[in-house]
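# Residue-level structure breakdown
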Amino acid sequence: MGNLKRKDYEAALEPLQVELVEMARWLADTGRRLVVLFEGRDTAGKGGTIEAITAHLNPRQCRTVALPKPADREQAQWYFQRYVPHLPAAGEIALFDRSWYNRAGVERVMGFASDAQVKAFLQQTPVFEKLLVDDGITLVKYWLCCDQDEQEERFAERQQNPLKRWKLSPIDAASREHYGDYTRAREAMLEATHTKHAPWTLVDFNDQRRGRLALIRDLLARIPDKRVPEHCVEFPPLKGKPKKERYSVLKPIVPDGSD
């Protein structure tokens with residue numbers, strides 16, 4: 001099975017994005033809260049999937065959380081503390097582009113966390129997530145799967161593409177030598193944190209377009225009934241002719257017609 005062509009992908013994605021808008025409207029009307037975690041290897045496709053989900057959603061309702069390296073003060077806090085302020089309020093969606101599971105992945109493999117810290121994290125995470133779920137949050141956790149040969153192709157593409165080169169970091173280069181270590185860390189993470197109240201879902205992302213479609217379909221299937229009345233705003237006819245813009249202080253830039 002070859003990679004999905006762009007036109008076929010876009011044709012399949014459009015009706016799913018309509019359903020995502022309906023889902024967001026349902027969340028707003030019901031006051032439910034949704035948290036979605038996106039985890040996976042570098043280049044797996046987390047960012048592109050989040051972009052596909054958020055493309056037509058209200059950014060005031062749906063926020064992407066992609067936290068930088070913790071500051072010194074954050075490193076001295078309870079580990080989960082820096083993530084709590086980003087949890088959604090009633091009717092909101094929070095999409096985590098990497099999450100608290102950094103501790104079980106990159107921090108563990110690259111030596112940024114001690115064995116004791118990792119052990120405590122794996123013990124505490126099911127408890128932390130049970131508190132979120134018990135409080136009414138719908139918590140969905142995805143791991144995006146990617147083979148190493150595909151990952152290498154994507155690294156090379158990022159190196160060659162000036163629009164994507166910013167995504168590369170020294171950690172990415174170093175992590176290439178730890179593919180097997182990341183596999184072992186992931187399996188230990190799944191064993192400890194794949195729970196009844198907060199299960200993991202693994203999605204094959206060797207073909208990113210097929211992976212996005214599969215993930216979005218799975219996410220939509222978790223919301224049982226998204227149909228709520230759409231609140232249409234009425235626009236009565238203008239009184240008089242439409243007015244032209246008028247400027248007295250500054251003039252706008254005029255396109256030269258070369259585009």
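Residues numbered from 1 in each chain as written. Predicted model: local features only at pLDDT ≥ 70, side-chain atom pairs only at ≥ 80, totals over all residues. Heavy atoms only, no water.

## Regarding the packing of helix H2 (residues 46-54) against helix H9 (residues 208-221)
Two elements in contact, H2 and H9, have axes separated by 10 Å at closest approach and are oriented at 50 degrees. Between H2 and H9, the interaxial angle falls into the category oblique. Crossing handedness for the pair H2 and H9: right-handed. Where H2 abuts H9, its residues Gly48, Thr49, Ala52 and Ile53 lie against Arg212, Leu215, Ile216 and Leu219. (Axes fitted to C-alpha atoms, helices over the stretch in contact; angles between N-to-C directions. Helix = DSSP H or I, 4+ residues; strand = E, 2+ residues; numbered from the N terminus. Parallel < 35°, antiparallel > 145°, perpendicular 65-115°, else oblique. Left-handed = near helix turned anticlockwise from the far one by under 90°. Contact = heavy atoms within 4.5 Å.)

## Thoughts on the pairing of strand S1 (residues 33-40)
In terms of burial, S1 is largely enclosed, as 8 of its 8 residues are buried. Burial along S1 is two-sided: the face carrying Arg33, Val35, Leu37 and Glu39 and the face carrying Leu34, Val36, Phe38 and Gly40 are both buried. As paired elements, S1 and strand S4 (residues 137-145) share 8 bridges and run parallel to each other. Paired with Glu39 across the two strands is Trp143, which belongs to S4. The pairing of S1 with strand S3 (residues 93-97) spans 5 bridges and is classified as parallel. Each residue of the ladder has a partner; that of Leu37, found in S3, is Phe96. (Buried < 20%, exposed > 50% of the residue type's maximum accessible area, 1.4 Å probe, protein only. Pairing = 2+ DSSP bridges.)

## Some points on the UniProt feature "domain: Polyphosphate kinase-2-related" (unreviewed entry) in the protein chain
Annotation from UniProt places "domain: Polyphosphate kinase-2-related" (unreviewed entry) at residues 4-228. Helix makes up 49% of residues 4-228 and strand 14%, and the two end C-alpha atoms of the span are 33 Å apart. (UniProt positions renumbered as here; feature names shortened; annotations may be inferred.)

## Quick notes on the packing of aromatic side chains
Summed over the entire model, instances satisfying the criterion amount to 13 aromatic pairs. With a centroid separation of 5.6 Å and 85 degrees between ring planes, the pair formed by Tyr79 and Phe121 is classed as edge-to-face. One end of the pair, Tyr79, is in the loop between helix H3 (72-75) and S3; the other, Phe121, is in helix H5 (residues 115-134), with 42 residues separating them in the sequence. Each member of the pair, Tyr79 as well as Phe121, carries the same accessibility label: buried. One aromatic cluster is present, formed by Trp78, Tyr79, Phe80, Tyr83, Phe96, Trp100, Tyr101, Phe121, Phe128 and Trp200 through successive ring pairs. Positioned over the ring face of Tyr179 is Arg41, at 3.5 Å from the centre of the ring. Of note, Arg82 hangs over the ring of Tyr83, and the distance from its end group to the ring centre comes to 5.6 Å. (Phe/Tyr/Trp six-rings, centres within 6.5 Å; stacked < 30°, edge-to-face > 60°. Lys NZ or Arg CZ within 6 Å of the ring centre and 35° of its normal.)

## Brief notes about helix H1 (residues 6-30)
Three or four residues apart is the spacing at which side chains of an α-helix point the same way, because the helix has 3.6 residues per turn. Here H1 spans 35 Å end to end across 25 residues, near enough to the 36 Å set by a 1.5 Å rise per residue. The axis of H1 is deflected most strongly, by about 25 degrees, at Glu14, and proline Pro15 appears within four residues downstream. Of the residues making up H1, those classed as buried are Tyr9, Leu13, Leu16, Gln17, Leu20, Met23, Ala24, Arg25, Trp26 and Leu27. For H1, the elements touching its buried residues are S1, H2, S3 and H9. Just past H1, the residue Gly31 takes up positive phi, approximately 75 degrees. (Expected span 1.5 Å × (residues − 1). Bend = angle between axes of the 7 residues up to and from the residue.)

## Some points on the environment of Arg103
Note on placement: Arg103 falls in the loop between S3 and helix H4 (106-109). With a relative accessible area of 13%, Arg103 lands in the buried category. Sequence-wise, Arg103 and Leu122 are 19 residues apart; in three dimensions their C-alpha atoms are separated by 8.9 Å. Among residues more than four places away in sequence, those in contact with Arg103 are Tyr79, Arg108, Ala113, Gln117, Val118 and Phe121.

## Quick look at the pattern of salt bridges
Side-chain pairs of opposite charge can arise where the charged atoms are in close proximity. One pass over the full model with this rule turns up 16 salt bridges. Note that Arg82 and Glu74 form a salt bridge whose closest N and O atoms lie 3.6 Å from each other. Looking at Arg82, the relative accessible area reads 11%, which means it is buried. Residue Glu74 is classed as partly exposed on the basis of its relative accessible area, which comes to 28%. Here the residues in one salt-bridge network are Glu39, Asp42 and Arg98, joined through shared partners. (Salt bridge = Lys/Arg side-chain N within 4 Å of Asp/Glu carboxyl O.)

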